[in-house]
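Summary of structural features
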Amino acid sequence: MSPARDRIGDPPAGDLLKGGAVVVTGAGSGIGRACALACAAEGASVVVGDIDDALALATAESIARRGGQARHHRGDVAESATHEALAEICSRDFGKISGWINNAAFSGGALLGETTDEDWQRIQAVTLGGVFQGCRSAITRMIESGAGAIVNIASSAGLAAEPGLAAYGAAKAGVFSLTRNAAVEYAGQGIRVNAISPGPIDTPALGSWLEAFPGGRSAFEAQIPQGRLGRPEEIAQSAVFLLSDRASFINGAALVADGGIHARLASPRSLPG
Ligand SMILES: NC(=O)c1ccc[n+]([C@@H]2O[C@H](COP(=O)([O-])OP(=O)(O)OC[C@H]3O[C@@H](n4cnc5c(N)ncnc54)[C@H](O)[C@@H]3O)[C@@H](O)[C@H]2O)c1
């Protein structure tokens, strides 16, 4: 496979979310951090949530250095108190909650038969429970204002099987279902809820997994029709779009952003180019 030839570029900052206030969970690293920065670049104030206080602070400081407004909060998304605190900070300091990105997750990494009860429960509590709690906290506030948009970060692993990700895949499949339900239940109150299904994205979370892949990163990338991993910023742009009025009639959708992986039939033939 030849090196990736597609265009990769960060769009100039705009005002797609001007005047908005967005909560992002797991925003200390990777996709969540990129989402927080992209929302701020599009004019929103941002509440940065993460279980790691130093990482959350660093993202908030990056936003402030670029002229944006941000607060940070340390908390575990498995706990409802975390979401209530994030919602409270956003409403109190920024006067509203117009957007919410449920991004934090825990993947584990064992075959089904070797998954412990503890791992199963933790993965469901963080990866699915965290999205449930985040949706509930966001929706109760958004109902009061009569508007809002939520983006849930799901995964390809919720659409198809990946050995070692049974518990995580089940939780992510649940994220798609929760997204559809929330979208249908609250559409009449001006709230849109959508999911993004990222394929492999170049974040710290993927690092050890890539190292363990036979042939390493380049062999892995050769399996992707676009010939490369995705960038966190590319998922962030999809999230900004779904939060913005440009997506005003998109509700309950699952936007697949995976470089073409799911579009391809499994086949022993190598890719051209
Ligand atoms: N990277 C990928 O290839 C990929 C692919 C598909 C889906 N995703 C999804 O994208 C999202 C972000 O993944 P990433 O790759 O950016 O990960 P990452 O490890 O780079 O960042 C995750 C962030 O979430 C925080 N976090 C972890 N557990 C938390 C908890 N219980 N409460 C609050 N914060 C917590 C971490 O401290 C970290 O800052 C996840 O939902 C993940 O499942 C990632």
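Residues numbered from 1 in each chain as written. Predicted model: local features only at pLDDT ≥ 70, side-chain atom pairs only at ≥ 80, totals over all residues.

**Topic: the overall build of the chain**
As a reminder of what qualifies: Strands here are runs of E lasting at least two residues and helices are runs of H or I lasting at least four, both read from the DSSP assignment and numbered beginning at the N terminus. Here the radius of gyration uses the C-alpha set of atoms, whereas the globule reference equals 2.2 Å times the residue count to the power 0.38. The exposure scheme places C-beta atoms from the backbone and then counts, for each residue, the other C-beta atoms within 10 Å of its own, assigning buried at 20 or more, exposed at 12 or fewer, and partly exposed in between. Contact between two residues is assigned whenever their backbone-derived C-beta positions fall within 7 Å.
Of regular secondary structure, the chain possesses eight helices and seven strands. A compact globule built from 273 residues should have a C-alpha radius of gyration of about 19 Å, and the chain, at 18 Å, falls within 12% of that. Seen along its three principal axes, the alpha-carbon backbone of the chain occupies a region of about 55 × 45 × 40 Å. Residues counted as buried form 45% of the 273 residues belonging to the chain. For the chain, long-range pairs separated by at least 24 residues make up 73% of all intrachain contacts whose partners lie at least 6 apart in sequence.

**What to know about the site of the ligand**
The following threshold applies: Nearness between a residue and a molecule or strand is assessed with a C-beta atom placed from the backbone; a distance within 6 Å qualifies. Under the scheme applied here, ten amino acids are nonpolar (Ala, Val, Leu, Ile, Met, Phe, Trp, Tyr, Cys and Pro), four are charged (Asp, Glu, Lys and Arg), and all others, including Gly, are polar.
Within the structure, the ligand sits among 29 residues, and G26, S29, G30, A105 and T203 are positioned closest to it. Counting only elements with at least two residues in the shell around the ligand, the list comes to α1 (30–41) and α6 (204–212). When grouped by side-chain class, the residues that make up the shell around the ligand number 16 nonpolar, 10 polar and three charged.

**Here's the deal with the nonpolar core**
Heads up, the rule is: In this description, a nonpolar core means buried residues of the types Ala, Val, Leu, Ile, Met, Phe, Trp, Tyr and Cys, linked to one another by C-beta atoms lying within 7 Å.
Counting residues in each nonpolar core, the largest one holds 71 residues, and the members touching the most others are V22, V24, C35, A36, C39, V46 and A239. Tallying contributions element by element places α1 first for this core, with nine residues. Excluding anything up to four places from it in sequence, A36 contacts V24, A27, V46, V48, T59 and I63.

**Examining the sheet that holds strand β4 (residues 99–102)**
Backbone-to-backbone hydrogen bonds pair the strands of a sheet. The strands run either parallel or antiparallel. Worth spelling out the cut-off: The pairing criterion for strands is at least two bridges between them, as found by DSSP. Here an angle of 0 to 180 degrees is reported between the N-to-C directions of two axes, which are lines fitted to C-alpha atoms, with helices fitted over the stretch in contact.
Read from one edge to the other, the open sheet built from seven strands follows the order β3-β2-β1-β4-β5-β6-β7, with strand pairing classed as parallel. Strands at the two margins of the open sheet, each flanked by one partner only, are β3 (70–74) and β7 (254–257). Within the sheet, the average angular offset between the axes of one strand and its neighbour, ignoring direction, is 15°. Here six bridges tie strand β5 (residues 148–153) to strand β6 (residues 191–198), and the two strands are oriented parallel to one another.

**Quick look at the pairing of β3**
This is how it is decided: When the strands point away from the viewer and the connection leading from the first strand across the helix to the second strand turns clockwise, the crossover is called right-handed.
Burial within β3 is extensive, with four of its five residues counted as buried. At this point the chain moves from strand β2 (residues 45–50), through helix α2 (residues 53–65), to the parallel β3, and the crossover so formed is right-handed.

**Considerations on the environment of V47**
Tracing the chain through its elements places V47 in strand β2. In this structure V47 touches V23, R71, H73, L86, I89 and C90, once residues within four positions along its chain are discounted.

**Digging into the packing of α1 against helix α8 (residues 232–243)**
Heads up, the rule is: Should an angle lie under 35 degrees it is considered roughly parallel, over 145 roughly antiparallel, and from 65 to 115 roughly perpendicular; all remaining angles are considered oblique. Handedness of each helix crossing follows the sense of rotation of the near helix against the far helix: counterclockwise by less than a right angle gives left-handed, clockwise gives right-handed.
One way to put it is that α1 packs onto α8 with a least axis distance of 8 Å and a crossing angle of 50°. Taken together, the axis directions place α1 and α8 in an arrangement best described as oblique. Relative to α8, α1 is oriented so that their crossing is right-handed. Across the interface between the two elements, G30, I31, R33, A34, C35, A38 and C39 from α1 touch P232, E233, I235, A236, Q237, A239 and V240 from α8. For the contact of α1 with α8, the per-class residue count stands at 10 nonpolar, two polar and two charged.

These values are about where atoms sit, not about what they do.
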